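Below are the chains, spelled out letter by letter.
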Amino acid sequence: MDHVTIYGRASCGFCMRALQLCEIRDIPYRYVDMIEEGISKADLEKTIGKPVHTVPQIFVGEEHVGGFDHFSQYVQRFEAAGG
């Protein structure tokens, strides 16, 4: 699996679950704390090209996957395909 980038906040439970999923599955990732980096949801909207209402927002490589639920499903499909 390509490198994962997780945009989130430390106070977000789903953000922390995404980090844990990467650690448990040995998926290389980078966590970007949006508060520390001064990144807003509007900034992410420009990158993604659609409205952002929640965090985390997760990318696998250059592909925007979505939030935690979408990422979890992505990981399951990747593993089922022999990834």
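Quick note: structure is the one above.
Residues numbered from 1 in each chain as written. Predicted model: local features only at pLDDT ≥ 70, side-chain atom pairs only at ≥ 80, totals over all residues. Heavy atoms only, no water.

Burial of strand 3 (residues 57-60) is two-sided: the residues Gln57 and Phe59 facing one way and the residues Ile58 and Val60 facing the other way are all buried. When strand 1 (residues 4-8) meets strand 3, the two strands line up antiparallel, connected through four bridges. Within strand 3, the position partnered with Thr5 by the bridge is Phe59. Pairing of strand 3 with strand 4 (residues 63-66), which is carried by three bridges, proceeds in the antiparallel orientation. From the neighbouring strand, Ile58 faces strand 4, where its bridge partner is Gly66. (Buried < 20%, exposed > 50% of the residue type's maximum accessible area, 1.4 Å probe, protein only. Helix = DSSP H or I, 4+ residues; strand = E, 2+ residues; numbered from the N terminus. Pairing = 2+ DSSP bridges.)

Looking now at the packing of aromatic side chains. Taken as a whole, this structure holds two aromatic pairs when the rule is applied. For the pair Tyr7 and Phe59, a centre-to-centre distance of 5.8 Å together with 75° between the ring planes defines the contact as edge-to-face. Highlighted residues: Tyr7 in strand 1 and Phe59 in strand 3, separated in sequence by 52 residues. For the residue pair Tyr7 and Phe59, the accessibility class agrees, reading buried in each case. Summarising the aromatic geometry, the rings of Phe14 and Phe68 are spaced 6.0 Å apart at their centres and angled 40° between planes, so their arrangement reads as tilted. Taken together, the residues span a long stretch of sequence, with Phe14 in helix 1 (residues 13-24) and Phe68 in helix 4 (residues 68-80) at a distance of 54 residues. Classification of Phe68 by relative accessible area gives buried; the value is 9%. (Phe/Tyr/Trp six-rings, centres within 6.5 Å; stacked < 30°, edge-to-face > 60°.)

Take the side chain of Thr5 next. Topologically, Thr5 is positioned in strand 1. Sequence-distant contacts of Thr5, that is, excluding residues within four places in its chain, are made with Arg30, Val32, Gln57, Ile58 and Phe59. (Contact = heavy atoms within 4.5 Å.)

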